[in-house]
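Chains, contacts and geometry: an overview
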Amino acid sequence: MTGQVYKSTGSWYTVRGDDGEFIECRMKGKFRLKGIKSTNPIAVGDIVDYELEETSDKTTGTIHKIHERKNYIVRKSVNLSKQMHIIASNIDRVFLLVTIDNPPTTTSFIDRFLVTAEAYGIEAIIVFNKIDTLTETTLDEQLYLQHIYQGIGYQCLRVSSTETKGIDQLKELMVGKVSMFSGHSGVGKSTLVNALEPSLHLKTTVISEQSKQGQHTTTFAEMYDLAFGAKIIDTPGIKGFGIVDMEKEEISGYFPEFFERQDQCKFNNCMHKEEPDCAVKKALENDEIAWSRYRSYLQILEGDEEQHYRTDIYNDDRIESDQNRNQK
């Protein structure tokens, strides 16, 4: 029998069969012996073959084959740094939920996530959530971030779950697709899913005023069928996003604004650091590329840890630009 994995708890997998029925399955141990450098060989979204097993109290299944994935998105495993964790597979679109100060989402996190989506061939859309909570200052920062990422080519949405702003536009982008919601804990993923499909009643929590951090309400990734003809994968909140399985020479190719200029560099293998006649550095000096993006690129290139503190991105970019002009 063939079905799709809707939920993974690490040892059991909820599979929806071709007949529409859900069944709890385990996997055969041999999947762990195939050299898959992942903490979870089976992920939500996987198409699998399974066999039914009758027990004394209920019918369960055993997964014996994983079909080839169209794509998947990964992050570095929290406890095993040399391994990756597959967040979900067979995704049409991923929506990265970003909040400015409730809790804060860093550009370092945004850029690492977008690089990974580019590397695995998944369309990424940025959703600026909780726009109803923005102040005059945080609104300016949100609009500045939107200006940066729209200029690169990423579609951006402004959404408020509580005031249902932007919900219809979001639905239009999800119809007929398998979408994934991702972001930090507390950015409102489950609340947004509830706004899209109120009958789900997903558990939500409030942000800690002291720490400005969210609490995990989604423990495991899970896929839901929505009434308007879409599928959504809700994922646990991510504190950091470790980059895995990338060579240094290919990283700039996953920054679209770098990629479109790299054939104009003097050297084919230009790393956009100290090389002469670098088109990316020239664009940076002319304020055609955001300094925040370049800082993220250097962090990833050098293997530095993600910055978890929030910076004043608008002023940081302006200061870097002014300092660059003064050095000329």
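In this text the structure is predicted, and so the values were computed from the model without any measurement.

The subject of this paragraph is the packing of aromatic side chains. Counted under the stated rule, the structure contains 10 aromatic pairs. Ring centres of phenylalanine 109 and phenylalanine 113 lie 6.5 Å apart, and the angle between their planes is 35°; this geometry places the pair in the tilted category. Placement of the pair is phenylalanine 109 and phenylalanine 113 together in helix H1 (residues 107–119), with a separation of four residues, close to one helical turn. As far as burial versus exposure is concerned, phenylalanine 109 and phenylalanine 113 are alike and both buried. Taking the centre distance of 6.4 Å and the plane angle of 90° together, the rings of tryptophan 291 and tyrosine 294 count as edge-to-face. Taken together, the positions of tryptophan 291 and tyrosine 294, both in helix H8 (residues 291–301) and three residues apart, correspond to about one turn of that helix. The same class applies to tryptophan 291 and to tyrosine 294, which are both buried. Cluster of aromatic residues (ring-pair linked, three or more members): Phe255, Phe258, Trp291, Tyr294 and Tyr297. Across from the ring centre of tryptophan 12, 5.7 Å away, lies the NZ or CZ of lysine 58, which sits over that ring. When the ring centre of tyrosine 72 is taken as reference, the NZ or CZ atom of arginine 69 above it lies at 5.6 Å.

Next up on the list: the confidence of the model for the protein chain. Mean pLDDT for the protein chain: 84, with 79% of residues reaching 70 or above. When pLDDT is averaged over each helix and strand of the protein chain, the minimum, 57, is found for helix H9 (residues 313–327) and the maximum, 98, for strand E10 (residues 156–158). Within the model, pLDDT remains below 50 along residues 206–218, and this stretch shows 29 contacts once partners closer than five positions in the same chain are excluded.

With respect to burial, strand E9 (residues 123–128) is a largely interior element, five of its six residues being buried. As defined by bridge partners, strand E8 (residues 93–98) adjoins E9 across six bridges and the pair is classed as parallel. Looking at E9, one finds that leucine 96 is bridged to isoleucine 126. In this fold, the crossover linking E8 to E9 by way of H1 has right-handed handedness. Across three bridges, E9 lies against E10 in parallel orientation.

What counts and how
- Residues numbered from 1 in each chain as written.
- Predicted model: local features only at pLDDT ≥ 70, side-chain atom pairs only at ≥ 80, totals over all residues.
- Heavy atoms only, no water.
- Phe/Tyr/Trp six-rings, centres within 6.5 Å; stacked < 30°, edge-to-face > 60°.
- Helix = DSSP H or I, 4+ residues; strand = E, 2+ residues; numbered from the N terminus.
- Buried < 20%, exposed > 50% of the residue type's maximum accessible area, 1.4 Å probe, protein only.
- Lys NZ or Arg CZ within 6 Å of the ring centre and 35° of its normal.
- pLDDT = per-residue confidence, 0-100.
- Contact = heavy atoms within 4.5 Å.
- Pairing = 2+ DSSP bridges.
- Right-handed = clockwise from strand over helix to strand, strands pointing away.

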